[in-house]
Amino acid sequence: MAKRDIISLIRENVIQGRVAQDDEGLDGGMVGEPGVTELIEKALAKRLDVRDIINKGLTEAMNLVGQKFEQKEYYIPDMLASAEAVGVAMKLLEPYLAQSGIKPKGKVLLATVKGDLHDIGKNIVTILLRGAGYTVKDLGNDMEPHSIVNAVRAEKPQFLGLSALLTSTMVNMRDTIQALEESGLRDKVKVIIGGAPVSEEYAKSIGADGYGSDGFQALAVIESLTST
Amino acid sequence: MPREGILVPNPYVRITDEQVQQIHRASLQVLLDPGLICFSKKAAEIFHSHGAEVTTASSADHPHWHIKIPEKLVIEALDSAPKTVKLGARNPDNALIMRGDEPRVYFISGSETNIWLDVDFPAYVKKSDSSIEIQVPEFHPRRATVADLCQSAHVCEHLETLDGYIRTVNIQDEDITEDNKDVNKFFASLNNTTKHFMSGLTKLEQLDNVVRMAELIAGGKEALKENPIISFITCLVKSPLQFVEDTTDTFIEVCRRGLPTVVSSSPQAGTTAPIKEAGIMAQINAEVLAGITLGQMVNKGTPLLYGSVPVMARMDTLGDSYGSVETSQYNIDCVQMARFYKIPNYSTSGVCDTKIPGQQASIERLFSDIVVTLSGPQYLHCAYGLLDCNAVFCLLQAVLDDAHFQMIKFFLKTPRINQQELAETMKQIKEVVATPQKLYIRYIRQVMRSGEISAPYPFEGDGESDSVFALAYQRMNELLAKPVEHIDPDTTAKIFREIPGLLPRLNVYKEGK
Amino acid sequence: MTEDDIIARLKENVIQGRKNQDEEGIDEKLSGTPGVVELTRLALEKNILPEEIINKALTAGMTVVGEKYSTKEYFIPDMLASAEAVGEAMDILKPILEAAKVETKGKFAIATVQGDIHDIGKNIVAILLRGAGYEVNDLGSDVATEKIIDFVKKESPDYLGLSALLTTTMTEMGAVIEALKDSGLRDKVKVLIGGAAVSDEYAQEIGADAYCMDGFQAIKELDSF
């Protein structure tokens, strides 16, 4: 397989949202063909330029997917499948990024706050962020403020995302931010919040840096806060 | 390929088999005692010649006869009445095939209103803050014209869920007379829709003209028989238990020609029928059976629909309360009676009491549309666009109705639960549960594109304000802008040559148009 | 039963809408007891004056019914039953009133015009007007214009009510009014029209004296004439 071919195939499979070879993909009938996982592995084995893989294979593909979404040819499930494929690719490429001089876009920690187990939204955001080139670590659910603070201290993320579904648990977002302040870490990380009971106003009132009404908005806010 | 309509696999039944039998027997009794009061001499003679007991009642001005119809005649008629009725169409793919024992529902427009409601959207300014402006729909009633009839046929041609067209407005132009109303009504409709067309006939003398018109369009006498592109609604009955002279005579002539027609009765519970359900059912069933019997005596095997338009009276005015719950109950009972006889049922739903589109209209219509559809009538004339009982027609309302019919039809799709589906989805379950995110979203994609997911309400807007009317209005204009297939120039020319009384302005090929 | 008893019972039965002893009435326990017809006859036997019967029992009863209707305790079916009962009483009293030269409120001829068989509304109006003390002649439905003119000529009614349901038949109303003019009868009778197809504008257009949306409006119009 020529170098060009593999990257074209990667692009094609991102657009089709095919993570691995047993994926049907959007158009169907592609089961058995190498998916993004196999193709990235092959590309790495062939020592293709990681920058090329990312720019021409992944980013271009996501741009095309974005266009199709604008034209209402693709819907959210399609975008998510493509983002998932990119996320898988980025995970495989991660060890090689540093030596290629590629800095990850940024690191994001995500958590559902104390007392709350809801995480669909957070899980979607994870996929989208990874698909956009961020490194994402999901700390989990029902997270105590001090556990989150410890993770921020250890991982040094640029962004911290907090999620809650209940009005009774969203107060823990305030507690978490307070805990960050008390630990002297507040100015080291940008805090974005999301979830059904919260809002732009609530974000401001607790001193958060941003609010995302859904995964796409969250991504947009994080992108806008990412210093180039 | 005929239209699919929607099959209702487990139709909702309101009354038990025992109750159906009881009504059937009670109706037979009613047909003997008190029997029918018939104002049509022709019908009285036909009944008499078949062995019914017919006595002349005295009345110089309006002669009438008392008719006792024996069970034997009714049973014979029920036997010979076709159990499958085909309604044809200019476009053969729009044909409707109805089997009396199959709860496959076709949705039809109708009926004939005097008033057309125009809509516009003037802007209003908030008194306390003149920078805030909103658009509010305003409805303007006026008498309907033949141009309106053309427009409504045009829109109905493009309404996805509408399977057939019953004329929606009464044309009241200055140059429409009793003598030319029918030919213009039929032409205006047939020229703007390729779906089946059903209508009442204003004057019996016009029957031959409209039949001839249909023959020209269908491609000849035999072609019309094969593909009956027109059918009739004949309200022979004036409740209680009276056969009216002019419509009964029309009914007889339509049956003689073997064209499909609806035996229709519209008793009002509380005024022209008993207020109690058992009573109105015994009566309406008797009335329809009497009509079916007459039709089969005139022409054995002629296609008929069991027509039911029962309605409840409202207590404050004794006017029709189509929006009442009882009205739906009676209609469902009639569906069951027709199914018992295996004769296709012409049923009614969606008519509401309120005069303009709005909350009340939506609730009253949706309620009866859902429950009556679920009972599985073959031919459901469900009031697309009708308001104020049957007095007003509004195109905007018709567009709104189409949206909720899409929901109803979608609801009735056959569930896909089988071993193959289960195996496939169990594989998905295993895969997804193993992933950290535990989301099934990627599997939506294929299903999404095969039409198996319902669309969100088409007039949703941004959720901040109610933009249903504005969006429906846009849609209405989109539908009006879509072209419609007129009758070809040759046939049109033939029609205008042969059929008297047609308004020249209806000829779309005429010069200067 | 004393005279007062009879009057009181008669009034009560008007309110109950009980035409005769077979009727249940609203309260249902009254089946078998004398209704309006029996009590009216009894009253006459006891030589109670017809005017008394009318004022103290029939009209008084209808007044109570009217009040119950306006407070929405009674609906149209209740009013109709009461009006029908009063109508029956008036039929019994009619020959005596004529002999005594007592005047009814007026003579009202009513018809559905030629070509139209719809008559529910007309029938309800007839019952209400009778119950309100008018002498009502119902000419029927699909009545030929000539027949209406003949009746007006022969019987000289004070009022003529015309009903039509269809836009195709309402034009007959205009024809009737024209025919009245041609026969020199127009100013001898007040013409009221009603029915789903017509309106105030139409009444004005054809030169009728009033348009009445329902029977109750008709009674109001008549009172105002």
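Placed above this text is the structure.
Just so it is clear, the model here is predicted, and its values are computed rather than measured.

Any chance you could break down the overall build of chain A for me, citing the residues and the numbers?
Scanning chain A for helices and strands turns up 9 helices and 5 strands. Walking chain A from its N terminus toward its C terminus, one meets helices and strands in the order α-α-α-α-β-α-β-α-β-α-β-α-β-α. Projected onto the principal axes, the alpha-carbon positions of chain A cover approximately 55 × 40 × 25 Å. In chain A, which comprises 228 residues, the proportion classed as buried is 49%. Counting contacts in chain A only where the partners sit at least 6 residues apart, residues at least 24 apart contribute 66% of the total. Looking at chain A, you have 26 positive and 32 negative side-chain charges, and the mean spots of the two groups are 8 Å apart.

Mind laying out the sheet that holds strand β8 (residues 115-120) of chain B, listing which residues take part and the relevant values?
Residues and elements named next belong to chain B. Taking strand neighbours across the sheet as the criterion, the 4 strands line up as β11-β8-β25-β24 in an open arrangement whose pairing is mixed. Two strands in the sheet have a free side with no partner beyond their single neighbour: β11 (138-143) and β24 (386-387). Against the sheet, helix α4 (residues 146-158) engages β8, β11 and β25 (392-393), with an angle of about 70° to β8.

Kindly report on the interface of chain B and chain A, identifying the contributing residues and their values.
Taken together, the 9 residues of chain B in the interface contact 23 residues of chain A. Here chain B packs against chain A, burying approximately 1,300 Å² in sum over the two surfaces, 52% of which is carbon and sulfur. Three residues, Q437, R442 and R445 of chain B, lead the burial of chain B against chain A; their summed loss comes to 47% of the area buried on that side. At the boundary of chain B and chain A, one finds 0 salt bridges. Our count for the contact surface shared by chain B and chain A stands at 0 residue pairs in polar contact (both at pLDDT 80 or more). Of the residues belonging to the side of chain B that touches chain A, the class tally is 4 nonpolar, 2 polar and 3 charged.

Now, about the environment of P483 of chain B: what can you tell me, with residues and values included?
All names here are of chain B. Looking at the secondary structure, you find P483 in the loop between α15 (468-481) and α16 (489-498). A relative accessible area of 67% means that P483 is categorised as exposed. The spatial distance from the C-alpha of P483 to the C-alpha of M198 is 22 Å, given a sequence separation of 285 residues.

Could you give an account of the layout of surface pockets, naming the residues involved and the relevant values?
When its volume is computed, the second largest pocket comes out at roughly 1,200 Å³. Around the second largest pocket sit 34 residues that line it, and D23 of chain A together with Q428, E431, R442 and Y443 of chain B are the ones nearest its centre. Mapped by element, the contributors of at least two residues to the lining of the second largest pocket are α4 (76-97) and α5 (120-131) of chain A together with α13 (419-434) and α14 (444-449) of chain B. Its residues placed into classes, the lining of the second largest pocket shows 12 nonpolar, 8 polar and 14 charged.

Mind laying out the packing of helix α6 (residues 207-218) of chain B against α16 of chain B, listing which residues take part and the relevant values?
When two helices pack together, their arrangement is given by the angle between the helix axes and by the axis-to-axis distance. Residue and element names in this part refer to chain B. Running from N to C, α6 and α16 point in directions that differ by 160°, and their axes come no closer than 10 Å. The angle between α6 and α16 places the two elements in the roughly antiparallel class. Seen along the crossing, α6 lies across α16 with a hand that is right-handed. Taken together, the residues of α16 that come into contact with α6 (itself represented by R212, M213, L216 and I217) are T491, K494, I495 and E498. Tallied by class, the residues present in the contact of α6 with α16 amount to 4 nonpolar, 1 polar and 3 charged.

Pulling in residues and values, what's your account of the side chain of H196 of chain B?
All names here are of chain B. Along the chain, H196 falls in strand β13 (residues 196-199). A polar side-chain atom of H196 sits 2.7 Å from a polar atom in the side chain of S231. Excluding residues that lie within four positions of it along the chain, H196 makes contacts with L87, G88, A89, L96, G164, Y165, P228, I229, I230, S231 and Y379.

Lay out a negative patch on the surface in plain terms, naming residues and giving numbers.
Residue and element names in this part refer to chain C. Together, E12, E24, D27 and E28 give the surface a local cluster of negative charge. Mapped onto the elements, E12 comes out in helix α1 (residues 3-16). When its relative accessible area of 38% is taken as the criterion, E12 is described as partly exposed.

Describe the interface of chain B and chain C, and please don't skip the residues or the numbers.
Counting from both sides, the interface comprises 16 residues of chain B and, opposite them, 15 residues of chain C. Buried area between chain B and chain C, summed over both chains or domains, comes out near 1,200 Å², and the portion from carbon and sulfur atoms is 60%. At the junction of chain B and chain C, the tally comes to 1 salt bridge. In this structure, the salt-bridge partner of K238 of chain B is D119 of chain C, at a minimum N-O distance of 3.0 Å. The tally of links between chain B and chain C comes to 4 residue pairs in polar contact (both at pLDDT 80 or more). A breakdown of the residues in the side of chain B that touches chain C according to their chemical character gives 3 nonpolar, 8 polar and 5 charged.

Quick rundown of a nonpolar patch on the surface? Include the residues and the values.
Where nonpolar side chains cluster on the molecular surface, the patch consists of M426, I429, V433 and Y440 of chain B and spans about 380 Å² of accessible area. Along the chain, the position of M426 of chain B falls in helix α13.

Residues and numbers for unusual backbone geometry, please.
Along the chain, D33 of chain B connects to P34 of chain B via a cis peptide bond; the corresponding omega equals 15°. Relative to the elements of secondary structure, P34 of chain B occurs in the loop between α1 (17-32) and β2 (36-38). Positive phi, normally seen in glycine, also occurs at K72 of chain A, with a value near 60°. For K72 of chain A, the position within the fold is in the loop between α3 (50-70) and α4.

Tell me about α1 of chain B, residues and numbers included.
Residue and element names in this part refer to chain B. Here α1 spans 23 Å end to end across 16 residues, near enough to the 22 Å set by a 1.5 Å rise per residue. Here α1 has its buried residues at V20, I23, H24, S27, L28, V30 and L31. Seen end-on, α1 carries its buried residues on one side only, within an arc spanning 160°.

Which residues make up the nonpolar core, and what are the values?
In a soluble, globular protein the nonpolar side chains are often hidden away together inside. Residues and elements named next belong to chain B. Counting 94 residues, the largest nonpolar core has M198, M213, F232, Y346, Y379 and I495 as its most contacted members. Counting residues per element, this core draws most heavily on helix α12 (residues 395-411), which supplies 8 residues. Those residues in contact with M213 that sit more than four places away from it in its chain are V183, F186, F187, L190, I495, I499 and L502. Ranked by size, the runner-up nonpolar core spans 46 residues in total, among them L31, C38, V237 and F243.

How would you summarise the packing of aromatic side chains if you had to cite specific residues and measurements?
The geometry of an aromatic ring pair is captured by two quantities: the separation of the ring centres and the angle between the planes. All names here are of chain B. Tallied over the full model, the rule gives 18 aromatic pairs over all chains. For the pair F139 and F469, a centre-to-centre distance of 6.0 Å together with 85° between the ring planes defines the contact as edge-to-face. In this pair, F139 sits in strand β11 while F469 sits in helix α15, placing the two residues 330 residues apart along the sequence. What makes F139 buried here is its relative accessible area of 15%. Where F187 meets F496, the ring centres are 5.2 Å apart and the plane angle is 85°; that geometry is what we call edge-to-face. You can see F187 sitting in helix α5 (residues 181-190) and its partner F496 sitting in helix α16, a full 309 residues away along the chain. The rings of Y165, F186, F197 and F232 are connected pair by pair, giving a single aromatic cluster.

Go over the sheet that holds strand β21 (residues 320-321) of chain B with me, naming the residues and quoting the values.
Residue and element names in this part refer to chain B. The mixed open sheet is built from 3 strands, whose spatial order is β18-β20-β21. Each edge of the sheet is formed by a strand with only one pairing partner; in this case those strands are β18 (268-269) and β21. Pairing geometry for β18 and strand β20 (residues 311-313), over 2 bridges, is parallel. Opposite A269, over in β20, you have M312 as the bridge partner. Against the sheet, helix α10 (residues 325-341) engages β18, β20 and β21, with an angle of about 145° to β20.

Explain the pattern of salt bridges to me, using residue names and the numbers behind them.
Opposite charge on two side chains allows them to pair when their charged atoms are near. Residues and elements named next belong to chain B. Throughout the structure, instances matching the rule amount to 48 salt bridges over all chains. D208 is paired through a salt bridge with R257; the nearest N and O atoms lie 2.6 Å apart. Of the two residues, D208 sits in helix α6 while R257 sits in the loop between α8 (245-256) and β17 (261-265), which places them 49 residues apart along the sequence. A relative accessible area of 46% places D208 in the partly exposed class. The network of salt bridges with common partners includes E112, R167, D182 and K185.

Conventions adopted
- Residues numbered from 1 in each chain as written.
- Chains lettered and ligands numbered in written order.
- Predicted model: local features only at pLDDT ≥ 70, side-chain atom pairs only at ≥ 80, totals over all residues.
- Heavy atoms only, no water.
- Helix = DSSP H or I, 4+ residues; strand = E, 2+ residues; numbered from the N terminus.
- Buried < 20%, exposed > 50% of the residue type's maximum accessible area, 1.4 Å probe, protein only.
- Contact = heavy atoms within 4.5 Å.
- Lys, Arg positive; Asp, Glu negative; His and termini not counted.
- Charge placed at Lys NZ, Arg CZ, Asp CG, Glu CD.
- Pairing = 2+ DSSP bridges.
- Axes fitted to C-alpha atoms, helices over the stretch in contact; angles between N-to-C directions.
- Buried area = accessible area lost by both parts, 1.4 Å probe.
- Salt bridge = Lys/Arg side-chain N within 4 Å of Asp/Glu carboxyl O.
- Polar contact = N/O pair within 3.5 Å; in protein donor to acceptor, adjacent residues only side chain to side chain.
- Nonpolar A, V, L, I, M, F, W, Y, C, P; charged D, E, K, R; others polar.
- 1 Å grid on protein atoms, 1.4 Å probe; cavity = no way out; pocket = protein on both sides within 12 Å on 5 of 7 lines; lining within 4 Å.
- Points joined across faces, edges and corners; volume = space filled by probe spheres on them.
- Parallel < 35°, antiparallel > 145°, perpendicular 65-115°, else oblique.
- Left-handed = near helix turned anticlockwise from the far one by under 90°.
- Patch = residues over 30% accessible without salt bridge, like charges linked within 9 Å, V, L, I, M, F, W, Y side chains within 5 Å.
- Areas by Shrake-Rupley, 256 points an atom, 1.4 Å probe, with all protein chains shown as cover.
- Expected span 1.5 Å × (residues − 1).
- Arc of directions from axis to C-beta.
- Core = buried A, V, L, I, M, F, W, Y, C linked by side-chain atoms within 4.5 Å.
- Phe/Tyr/Trp six-rings, centres within 6.5 Å; stacked < 30°, edge-to-face > 60°.

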